[in-house]
Amino acid sequence: TPRPRIIAVDGPAASGKGTLARRLARHFGFGYLDTGLLYRAVGLRVLRAGKDLGDEAAAIAAAGAVTAAELADPELRSGPTGNAASAVAKIPGVRQALFDLQRRFAAHPTDDRGRPLLGAVIDGRDIGTVICPDAPVKLFVNASLETRAKRRHKELLERGEAIIYARVLEDIERRDEQDRSRSVAPMAKAPDAFEIDTTGLDADGAFAAALAFIGSRLD
Ligand code: CDP
Ligand code: CDP
């Protein structure tokens, strides 16, 4: 059997990586894994257990217990859960506990009914650098801090969260800094990744830029 074709998509919070990744997965008929949801699920488990986010043993146990079934919980998309995700994501044991699950999806991508597919789009912070360093296509999606904060603020308001723009901007800035500076698997653009700045691009524009880069790289 041929090696699965992998598109690795990394980038900071609310840059548009999920929107692009989903669209690429649909276009190519590939599976899609949003790895941010895994870290969000760990953070949410720790919060719901009433544990401190710095409690490494609690976070590692939570990471070991995460299942695919809980990734549909709407609470995973909340602002507090995003901040909790970043806090637990810097714990090496948490990343290690989620590693096999991600590698398995990359090696045997499936659709949401578990049927095998020829490739996968995986998005996160360390996909091109750590999870799939051999991916034939790596994208790094970015946008200005203000653009990203505006987008996320709109989403959180639509979810019914009462939060002001300045607070969203502050949360995203702190989370980016934490994700960039941690010692294990920091957020980074792989040297061979193609950067797409979506500051002035809508979803169609980002998709077109990605397709132009992908060209024949998946053949
Ligand atoms: O959607 P957004 O970009 O705001 O966040 P996310 O992709 O859902 O990720 C939430 C948090 O999980 C990030 O701030 C990272 O701390 C962490 N994460 C990570 O460390 N590694 C990944 N591959 C994906 C997410
Ligand atoms: O996955 P990530 O957190 O990087 O971002 P996303 O969920 O794909 O996008 C965050 C928000 O920005 C969503 O509401 C998208 O509709 C919007 N977006 C946009 O306005 N322009 C883009 N080029 C991509 C996304």
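Notes on the structure follow. (Residues numbered from 1 in each chain as written. Chains lettered and ligands numbered in written order. Predicted model: local features only at pLDDT ≥ 70, side-chain atom pairs only at ≥ 80, totals over all residues. Heavy atoms only, no water.)

### What to know about the site of ligand 1
Around ligand 1 sit 18 residues in total, of which K17, R40, R95, R152 and D179 are the nearest. One of the backbone nitrogen or oxygen atoms of A14 is found 3.4 Å away from an oxygen atom of ligand 1. D126 places a polar side-chain atom, nitrogen or oxygen, 2.9 Å from a nitrogen atom of ligand 1. Look at ligand 1: alone it shows 530 Å² of surface, and the protein chains cover 95% of it. Taken atom by atom, the bulk of ligand 1 overlaps the largest pocket. Those elements giving two or more residues to the shell around ligand 1 turn out to be α2 (35-48), α4 (79-89) and α8 (165-181). If you tally residues by element for the shell around ligand 1, the top one is α2, at four residues. (Near = heavy atom within 4 Å. Polar contact = N/O pair within 3.5 Å; in protein donor to acceptor, adjacent residues only side chain to side chain. Areas by Shrake-Rupley, 256 points an atom, 1.4 Å probe, with all protein chains shown as cover. 1 Å grid on protein atoms, 1.4 Å probe; cavity = no way out; pocket = protein on both sides within 12 Å on 5 of 7 lines; lining within 4 Å. Sits in = over half its atoms within 2 Å of the grid points. Helix = DSSP H or I, 4+ residues; strand = E, 2+ residues; numbered from the N terminus.)

### A few points about empty space enclosed by the protein
Scanning all chains against the criterion turns up one cavity of 30 Å³ or more. The computed volume of the largest cavity comes to approximately 110 Å³. If you trace the largest cavity, you find 13 residues lining it, with G79, N83, R152, L156 and R175 closest to the centre. Looking at the lining of the largest cavity, the elements with two or more residues in it are α4, α7 (145-158) and α8. When residues in the lining of the largest cavity are grouped by element, the largest group, four residues, is from α8. Per-class residue counts for the lining of the largest cavity are four nonpolar, four polar and five charged. (Points joined across faces, edges and corners; volume = space filled by probe spheres on them. Nonpolar A, V, L, I, M, F, W, Y, C, P; charged D, E, K, R; others polar.)

### Details of the packing of aromatic side chains
Tallied over the full model, the rule gives two aromatic pairs. Plain terms: the ring middles of F194 and F213 are 4.6 Å apart, the flat faces sit at 0° to each other, and that makes the pair stacked. Of this pair, F194 sits in strand β5 (residues 194-197) while F213 sits in helix α9 (residues 203-214), and the two are 19 residues apart along the sequence. Look at F194 and you get partly exposed, because its relative accessible area is 30%. Taking the ring centre of F207 as reference, the NZ or CZ of R23 above it sits at 4.8 Å. (Phe/Tyr/Trp six-rings, centres within 6.5 Å; stacked < 30°, edge-to-face > 60°. Buried < 20%, exposed > 50% of the residue type's maximum accessible area, 1.4 Å probe, protein only. Lys NZ or Arg CZ within 6 Å of the ring centre and 35° of its normal.)

### Things to note about the packing of α4 against α8
Packed helices, taken two at a time, are described by their axes: the angle between them and the distance between them. At a minimum axis distance of 10 Å, the contact between α4 and α8 shows a crossing angle of 15°. By the angle between their axes, α4 is roughly parallel relative to α8. Crossing of α4 against α8: the hand is left-handed. Across the interface between the two elements, G82, N83, S86 and A87 of α4 pack against D171, R175, Q178 and D179 of α8. Residues that form the contact of α4 with α8 fall into these classes: one nonpolar, four polar and three charged. (Axes fitted to C-alpha atoms, helices over the stretch in contact; angles between N-to-C directions. Parallel < 35°, antiparallel > 145°, perpendicular 65-115°, else oblique. Left-handed = near helix turned anticlockwise from the far one by under 90°. Contact = heavy atoms within 4.5 Å.)

### Regarding the site of ligand 2
Taken together, 14 residues lie near ligand 2, and K17, G18, T19, R152 and L201 sit nearest. Separating an oxygen atom of ligand 2 from a backbone N or O atom of A14 is a distance of 3.0 Å. For ligand 2, whose accessible area on its own is 540 Å², the fraction buried by protein is 74%. Here ligand 2 occupies the largest pocket. Sorting the residues of the shell around ligand 2 by element identifies α1 (17-28) and α7 as the ones contributing at least two each.

### Description of the packing of α7 against α8
Where α7 contacts α8, the two axes come as close as 9 Å, and the packing angle between them is 120°. Judged by the inter-axis angle, α7 sits oblique to α8. Note on packing geometry: the crossing formed by α7 with α8 is right-handed. Contacts between α7 and α8 involve L145, E146, R148, A149, K150, R152, H153 and L156 on the former and, on the latter, Y165, V168, L169, I172, E173, R175 and D176. Tallied by class, residues from the contact of α7 with α8 come to seven nonpolar, one polar and seven charged.

Interpretation in functional terms is not warranted from these geometric data alone.
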